[in-house]
Amino acid sequence: MAGYDRAQLPAPLAFNQSEFSWYIFEGVAGGRRLAGLVSIHRTGPRARSVRFSPHLIMGADLPRGLRELVPSWLPIVSPIRAETDDRPIFSVALYDLDARTPPLHLEREIEHADFDPEQFSATTAAGTLSLRADAEGGATIDVQTREATLALRITPRKPQVVFGDGSPTLRHGKIVTSYVQRPRLAVTGSVSLGGESSVDFTGEGVHDHQWLTVTAPNLKWIWPHLRLPDGRELTGYVIRDSTRGRSAEADDGEELARAGWIIEEDATVRRLRDFDVHAIAHVDTPRGRVPTKFVVEARELALRFEIEHVIAAPYLRMAAFGDVLDAGIYEGPIDVTAHPAIRGWIEVMNAAHVRLDRSDQ
């Protein structure tokens, strides 16, 4: 399993390829409930700017998926000029779960020379953000910015698991992704926010490593991860078509994929026959309708939980989609009704919520 810690997609990535490694955690610092997400995200070329400016490009300069269709010597007149960037991205999101304020979110580009594909680790050029994975499956996170500081040690409590048929690959028709997880981590260290003094942090979390080539872009999904107090984890997703638009509820749209698993205390993975996650409450935002409360069920195990985002609609705009788009995910920790000992996370994505970025106009 250790081989899955390194980068899986060869560089350079195509425009529709992506690979990322996420560390998600929740815990207590000085009696205050905090949570965080630290990730490194690799992409193909993403647009930094687009302007109308006719110019010549060569077939060899096209994205990888189009090169085979056009002779490399053939000049093409393009009506627009796009500046692109494919440097990996370092992302940090911090959540104050007591104040329930929107998450603090920082993103910085990583120079290619500062990314270590063997350990999927990196340090930003100014040295302010650092993630260093080790051969034992742990990691060290160091964040030194004006807004926050983190000095955390990540230690796995369970080994890596995969959810495909003995491999990371999951297939649902045209939707194909590869997904590896360390389902339970111990997280210790110190944290400070907004210039406050650093305090000790103790918590737990999960590590996800995913890579994919996008072949079906009009998607939306709900993807929860629950850590049960008996040492098991419950995870899965439902993916739907997003073409009904930004005002549609989360469960509207053709279902394209569904899968769920229980991870036993000994890290045995069991596929569930009747996993379900669906929304039971929404809020309306400038981007569209967003679910805030959910039901997660594994009927064959007699498990049913009502959960909600601690911070309603916790939007994280992601630079991985390019600077010219306002695009991202609703990602954050959860509370479980009547089960305070259950902790976890839920991710909501809806392609219909993507907007052109007008922040500079």
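Here, every reference points to the structure presented above.
Description of the structure in this document.

Thresholds, definitions, all that
- Residues numbered from 1 in each chain as written.
- Predicted model: local features only at pLDDT ≥ 70, side-chain atom pairs only at ≥ 80, totals over all residues.
- Heavy atoms only, no water.
- Helix = DSSP H or I, 4+ residues; strand = E, 2+ residues; numbered from the N terminus.
- Buried < 20%, exposed > 50% of the residue type's maximum accessible area, 1.4 Å probe, protein only.
- Contact = heavy atoms within 4.5 Å.
- Areas by Shrake-Rupley, 256 points an atom, 1.4 Å probe, with all protein chains shown as cover.
- Pairing = 2+ DSSP bridges.
- Salt bridge = Lys/Arg side-chain N within 4 Å of Asp/Glu carboxyl O.
- Core = buried A, V, L, I, M, F, W, Y, C linked by side-chain atoms within 4.5 Å.
- Polar contact = N/O pair within 3.5 Å; in protein donor to acceptor, adjacent residues only side chain to side chain.
- Phe/Tyr/Trp six-rings, centres within 6.5 Å; stacked < 30°, edge-to-face > 60°.
- Lys NZ or Arg CZ within 6 Å of the ring centre and 35° of its normal.

**A look at the overall build of the protein chain**
For step 1, the next point in the chain: Summing up its helical and strand segments, the protein chain has one helix and 27 strands in all.
For step 2, the next point in the chain: Burial statistics for the protein chain: of 361 residues in total, 52% are counted as buried.
For step 3, the next point in the chain: Put simply, of all contacts in the protein chain between residues at least 6 apart along the chain, 59% involve residues at least 24 apart.
For step 4, the next point in the chain: In the form shown here, the protein chain has an accessible surface area of approximately 16200 Å², with 52% of it arising from carbon and sulfur atoms.

**A look at the pairing of strand β11 (residues 148-156)**
The side chains of a regular strand alternate between the sheet's two faces.
For step 1, the next point in the chain: Examined bridge by bridge, strand β10 (residues 139-144) and β11 share six bridges and lie antiparallel to one another. When the bridges of β11 are listed, Gln144 appears paired with Thr149.
For step 2, the next point in the chain: The sheet contact formed by β11 and strand β14 (residues 175-193) spans nine bridges and is antiparallel. Considered in β14, the bridge of Thr155 is made with Ala186.

**Describing the pattern of salt bridges**
For step 1, the next point in the chain: All told, the structure shown has 31 salt bridges when counted by the stated rule.
For step 2, the next point in the chain: Of the charged contacts, one joins Arg287 and Asp326 as a salt bridge, the two residues approaching to 3.4 Å between their closest N and O atoms. A residue pair is termed long-range when its members are at least 10 positions apart, and Arg287 in the loop between β20 (275-285) and β21 (288-298) and Asp326 in strand β24 (residues 325-326) qualify at 39 residues. In this pair, the class of Arg287 matches that of Asp326, namely buried.
For step 3, the next point in the chain: Residue Glu306 is joined to Arg304 by a salt bridge in which the shortest nitrogen-to-oxygen separation is 3.6 Å.

**Some thoughts on unusual backbone geometry**
For step 1, the next point in the chain: Residues Ala11 and Pro12 are joined by a peptide bond in cis, for which omega reads 0 degrees.
For step 2, the next point in the chain: Within the fold, Pro12 resides in the segment before β1 (17-29).
For step 3, the next point in the chain: Positive phi values are uncommon outside glycine, yet Ala313 reaches one of about 50 degrees.
For step 4, the next point in the chain: Tracing the chain through its elements places Ala313 in the loop between β22 (303-309) and β23 (315-317).
For step 5, the next point in the chain: Unlike most non-glycine residues, Ala338 shows phi in positive territory, near 70 degrees.
For step 6, the next point in the chain: With respect to the helices, strands and loops of the structure, Ala338 is situated in the loop between β25 (328-336) and β26 (343-350).

**Some details on the side chain of Glu26**
For step 1, the next point in the chain: Here Glu26 shows up in strand β1.
For step 2, the next point in the chain: On the basis of relative accessibility, which here comes to 6%, the residue Glu26 falls in the buried class.
For step 3, the next point in the chain: Setting aside anything within four residues of it in sequence, one finds Glu26 in contact with Leu34, Ala35, Phe201, Gly203, Glu204, Arg227, Pro333, Arg343, Gly344 and Trp345.

**Observations regarding the nonpolar core**
For step 1, the next point in the chain: Formed by 29 residues in total, the largest nonpolar core has its most connected members in Tyr23, Ile40, Phe90, Val92, Ile141, Leu150 and Phe201.
For step 2, the next point in the chain: For this core, the secondary structure elements donating two or more residues are β1, β2 (32-43), β5 (89-96), β9 (129-133), β10, β11 and β14.
For step 3, the next point in the chain: Those residues in contact with Ile40 that sit more than four places away from it in its chain are Glu19, Phe20, Ser21, Pro88, Ile89, Phe90, Ile110, Phe115, Phe120, Ser121, Ala122 and Leu131.
For step 4, the next point in the chain: The next biggest cluster of nonpolar side chains, apart from the first, holds 26 residues, and it includes Val290, Leu303, Ile342 and Ile346.

**Focus on the environment of Arg184**
For step 1, the next point in the chain: Assignment of secondary structure puts Arg184 in strand β14.
For step 2, the next point in the chain: Taking the relative accessible area as the measure of exposure, Arg184 reaches 11% and is therefore buried.
For step 3, the next point in the chain: Taking the C-alpha atoms as reference, Arg184 lies 10.0 Å from Ile24; in sequence the two are 160 residues apart.
For step 4, the next point in the chain: Excluding residues within four positions of it along the chain, Arg184 makes contact with Pro156, Arg157, Lys158, Glu204, Gly205, Arg227, Leu228, Gly231, Arg232 and Glu233.
For step 5, the next point in the chain: Separated by 2.6 Å, the side chains of Arg184 and Glu233 make a polar contact.

**Overview of the side chain of Gln181**
For step 1, the next point in the chain: With respect to the helices, strands and loops of the structure, Gln181 is situated in strand β14.
For step 2, the next point in the chain: For Gln181, a relative accessible area of 1% translates into the label buried.
For step 3, the next point in the chain: At 3.0 Å, the side chain of Gln181 and the side chain of Asp208 are in polar contact.
For step 4, the next point in the chain: If we skip the residues at most four places from it in the chain, Gln181 touches Pro159, Gln160, Val161, Phe163, Val206, His207, Asp208, His225, Thr235 and Ile263.

**Topic: the packing of aromatic side chains**
For step 1, the next point in the chain: Throughout the structure, instances matching the rule amount to eleven aromatic pairs.
For step 2, the next point in the chain: An aromatic cluster is defined as three or more aromatic residues linked by ring pairs; in this entry it consists of Phe163, Tyr179, Trp223, Tyr237 and Trp261.
For step 3, the next point in the chain: Here Arg287 stacks its cationic end above the ring of Tyr315, 3.7 Å away from the centre of that ring.

**Details of the environment of Phe15**
For step 1, the next point in the chain: Inspection of the secondary structure puts Phe15 in the segment before β1.
For step 2, the next point in the chain: Judged by its relative accessible area of 44%, Phe15 falls in the partly exposed class.
For step 3, the next point in the chain: Along the primary structure Phe15 and Thr213 are separated by 198 residues, whereas in three dimensions their C-alpha atoms are 8.9 Å apart.

**Points about the pairing of β22**
For step 1, the next point in the chain: Across the two faces of β22 the burial differs, with Leu303, Phe305, Ile307 and His309 buried and Arg304, Glu306 and Glu308 not buried at all.
For step 2, the next point in the chain: Sheet topology places β21 next to β22; six bridges connect them, and they run antiparallel. Paired with Glu297 across the strands is Arg304, a residue of β22.
For step 3, the next point in the chain: Following β21, the chain reverses through four residues before pairing antiparallel with β22; Ala302 in that reversal takes a positive phi of roughly 55 degrees.
For step 4, the next point in the chain: With three bridges joining them, β22 and β25 adopt antiparallel strand pairing. Note on β25: the bridge partner recorded for His309 is Ile334.

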